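The lines below spell out each chain.
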Amino acid sequence: MAIQEAAVQAPAKKDKGFKKVMRGLDMTLFTVCAILVMDTLAPSASIGPASISWWLITLVLFFIPYGLITAELGTTYPDQGGLYIWVKKAFGEKWAARTTWLYWINVALWMPSVYVLFAGMFAQLFAPEMGLWGQIAIGVVMTWITVGIGIMSLETSKWVPNIGAIFKALIMVVIGVAAFIFAGKNGVANDLSFSSILPTWDAGLFFLPVIVYNFMGFELMSGAGDEMENPGRDIPKAIITAGLLITVFYLLGTVGMLMAVPVEDLGLVEGIIDTLRVLLGESQAANIAVTVLGIGALYSFLANMVTWTMGANRTAAEAASDNELPQIFGKLHAQYKTPVSAFIITGVVSTVVIVLYGFMAGSAEDLFWTLFAFSSMVFLMPYLALFPAFLKLRKTDPHAERPYRVPGGHTFASILVVICEIFIIQGIVFFIWVPGEPIDWAFAAPVLIGVALTLIVGEVLLNVAAKEKKLNGQ
């Protein structure tokens with residue numbers, strides 16, 4: 001990928017007072033923590049043995065092109081705000097603001113599902129009789145712990161995702177290695193023959209968008225572009241290194257789960273702990289190991305949300321500083337230069353959503369999947385603009401210095417963009433409808449209503465920002 005080209009420094013930018021604290025290793029660990037998500041490992045494995053081939057297909061046709069495109073955008077335009085800046089340069093301020101709104105709000109909407117899973121795993125480990133509302137209370141507490149960490153200086157808070165990446169890698173390796181040892185002694189829980197791992201078009205496609213979702217996040221570190229020590233050199237290296245590690249760890253985790261637990265017994269919430277218990281056994285030492293690894297998994301959920309809120313809130317704050325989102329999103333902490341207001345609003349939205357959905361769900365698993373599908377549909381929408389923005393900027397800004405450039409000519413780049421767009425579109429659609437299956441309107445209707453309301457609220461906020469801009473004479 002011609003990494004050596006990336007050693008060229010990007011043009012100097014206006015100093016906004018941010019400290020350069022993100023180095024190459026930080027960016028690699030940050031990206032691993034952002035993309036390697038534990039909360040969706042069980043849903044992706046729930047596709048069954050065919051998930052292995054879907055992982056590989058998505059890796060080749062989507063993950064690698066997505067990484068290449070993000071590396072070029074991040075090194076060419078290494079400004080604070082990342083995705084917002086790229087879409088703004090390509091399609092203008094309004095579309096950039098809409099994209100940023102969706103990118104920001106999805107994190108606030110996604111946080112409840114992550115912490116519902118956190119609470120379910122906590123209950124599984126330490127309080128098996130805990131009810132749904134006790135788990136919701138834990139989710140609210142974890143939301144505000146995330147907000148508190150995010151408001152701290154990046155120099156301090158970056159260690160949360162750094163350590164989280166290490167824990168995630170350790171758990172995936174333990175699952176993968178222990179699964180092969182387990183299979184050697186006991187056989188495998190699912191048929192993993194060549195014919196069984198071939199891709200199938202059946203109800204398992206309901207979980208296929210989760211694999212696409214699991215691969216998202218390369219652009220997140222660019223939200224802190226002005227806090228990077230050398231983005232032109234470090235972004236491509238971080239993307240390539242993190243991409244290789246993430247691929248290995250996801251395959252280890254997925255194959256390990258399929259070796260240990262029959263697909264029909266894989267719970268969306270309990271899947272990780274159930275897998276560890278099967279693989280490690282029931283001895284006292286094994287129970288201690290499961291508890292320790294379970295605590296590591298719980299920490300990884302916190303690290304994941306800290307990572308995403310750090311990137312998304314910086315992106316929203318940059319849009320607010322340009323008066324494209326309401327100015328309240330742009331207020332920075334006086335000492336740490338972190339988007340304090342955006343973090344607080346994230347906490348409020350997450351708290352309201354988790355409580356409201358608590359009245360609608362019959363179980364933690366129902367609550368997790370409903371929240372996850374809703375937030376994920378919103379989450380994938382900004383990427384519909386990211387990939388065309390890459391092509392547009394190649395055309396309208398051809399003379400910009402590109403420390404890293406996607407190999408191949410314009411035709412090849414266009415093909416990559418089309419393929420990536422197809423993956424994003426199917427990810428959005430398949431969350432509520434699988435080809436050949438009737439739509440479950442009891443599930444789909446609340447999700448679609450939530451998405452529609454999210455889009456409407458976004459337009460209202462854009463109008464508020466426009467009025468503020470007008471009042472300020474800009």
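### Some words on the overall build of the protein chain
Each helix and strand in the protein chain was counted, giving 18 helices and 0 strands. Relative to its length of 474 residues, the protein chain is compact, with a C-alpha radius of gyration of 21 Å against a globular reference of 23 Å. Taken along its principal axes, the extent of the C-alpha atoms in the protein chain is 65 × 45 × 45 Å. A total of 474 residues make up the protein chain; the buried ones form 61% of that total. A fraction of 86% describes how many contacts in the protein chain between residues 6 or more apart in sequence connect residues 24 or more apart. When the accessible surface of the protein chain is totalled, it reaches about 17700 Å², and 68% of it is carbon and sulfur. A gap of 13 Å separates the mean positions of the 27 positive and 33 negative side-chain charges of the protein chain.

### Here's the deal with unusual backbone geometry
Notably, N323 is not glycine yet its phi reads approximately 65°, a positive angle. Turning to its location among the elements, N323 is positioned in the loop between α13 (284–321) and α14 (340–358). One non-glycine residue, K337, lies in positive phi territory at about 60°. Of note, K337 is situated in the loop between α13 and α14.

### Topic: the nonpolar core
Counting 164 residues, the largest nonpolar core has F62, Y250, Y383 and F387 as the members making the most contacts within it. Considering each element in turn, this core owes the most residues, 20 residues, to helix α5 (residues 93–126). Sequence-distant contacts of F387, that is, excluding residues within four places in its chain, are made with F62, Y66, I69, V417, C420, E421 and I424.

### Observations regarding the packing of helix α8 (residues 159–186) against helix α12 (residues 271–280)
At a minimum axis separation of 9 Å, α8 and α12 run at an interaxial angle of 40°. Viewed along their axes, α8 and α12 adopt a mutual orientation that is oblique. Crossing hand, α8 versus α12: left-handed. Packed against α8, whose contacting residues are V174, I175, A178, A179 and F182, the element α12 presents T275, L276, V278, L279 and L280 at the interface.

### Re α13
With 38 residues, α13 extends 55 Å between its outermost C-alpha atoms, agreeing within 8% with the 56 Å of an ideal straight helix rising 1.5 Å per residue. Counting buried residues along α13, 28 of its 38 residues qualify, which places the element largely inside the surrounding structure. Taken from the residues just after α13, N323 is the one with a positive phi, measuring 65°.

### Some words on the packing of helix α3 (residues 50–76) against helix α11 (residues 231–260)
The geometry of α3 relative to α11 is characterised by a closest axis approach of 10 Å and an angle of 165° between their N-to-C directions. By the angle class used here, α3 and α11 are roughly antiparallel. Two packed elements cross with a definite hand, and for α3 against α11 that hand is right-handed.

### Quick notes on helix α16 (residues 383–396)
Taking 1.5 Å per residue as the helical rise, α16 with its 14 residues ought to reach 20 Å, and the 20 Å between its terminal C-alpha atoms agrees with that figure. By the largest-angle criterion, A389 marks the main kink of α16, which is about 25°. Along α16, the residues classified as buried are Y383, A385, L386, F387, A389, F390, L391, L393 and R394.

### Here we look at the pattern of salt bridges
If you walk through the whole model with that rule in mind, you get 12 salt bridges. A salt bridge links K88 to D322, with the shortest nitrogen-to-oxygen separation between them at 2.8 Å. Here K88 is found in helix α4 (residues 83–91), whereas its partner D322 is found in the loop between α13 and α14, with 234 residues between them in sequence. For K88, a relative accessible area of 24% puts it in the partly exposed group. A relative accessible area of 22% means that D322 is categorised as partly exposed. Here E459 ties to R98 by a salt bridge, and the two come within 2.7 Å at their closest N and O atoms. Of this pair, E459 sits in helix α18 (residues 441–471) while R98 sits in helix α5, and the two are 361 residues apart along the sequence. The class for R98 is partly exposed, based on a relative accessible area of 25%. One salt-bridge network, in which partners are shared between bridges, spans R23, E229, R233 and D234.

### Here's the deal with the side chain of T31
Here T31 shows up in helix α1 (residues 24–35). Judged by relative accessible area, which is 1%, T31 ranks as buried. Apart from the residues within four sequence positions on either side, T31 is in contact with F218, M221, A242 and I246.

Cut-offs applied
Residues numbered from 1 in each chain as written. Predicted model: local features only at pLDDT ≥ 70, side-chain atom pairs only at ≥ 80, totals over all residues. Heavy atoms only, no water. Helix = DSSP H or I, 4+ residues; strand = E, 2+ residues; numbered from the N terminus. Rg over C-alpha atoms; globule rule 2.2 N^0.38 Å. Buried < 20%, exposed > 50% of the residue type's maximum accessible area, 1.4 Å probe, protein only. Contact = heavy atoms within 4.5 Å. Areas by Shrake-Rupley, 256 points an atom, 1.4 Å probe, with all protein chains shown as cover. Lys, Arg positive; Asp, Glu negative; His and termini not counted. Charge placed at Lys NZ, Arg CZ, Asp CG, Glu CD. Core = buried A, V, L, I, M, F, W, Y, C linked by side-chain atoms within 4.5 Å. Axes fitted to C-alpha atoms, helices over the stretch in contact; angles between N-to-C directions. Parallel < 35°, antiparallel > 145°, perpendicular 65-115°, else oblique. Left-handed = near helix turned anticlockwise from the far one by under 90°. Expected span 1.5 Å × (residues − 1). Bend = angle between axes of the 7 residues up to and from the residue. Salt bridge = Lys/Arg side-chain N within 4 Å of Asp/Glu carboxyl O.

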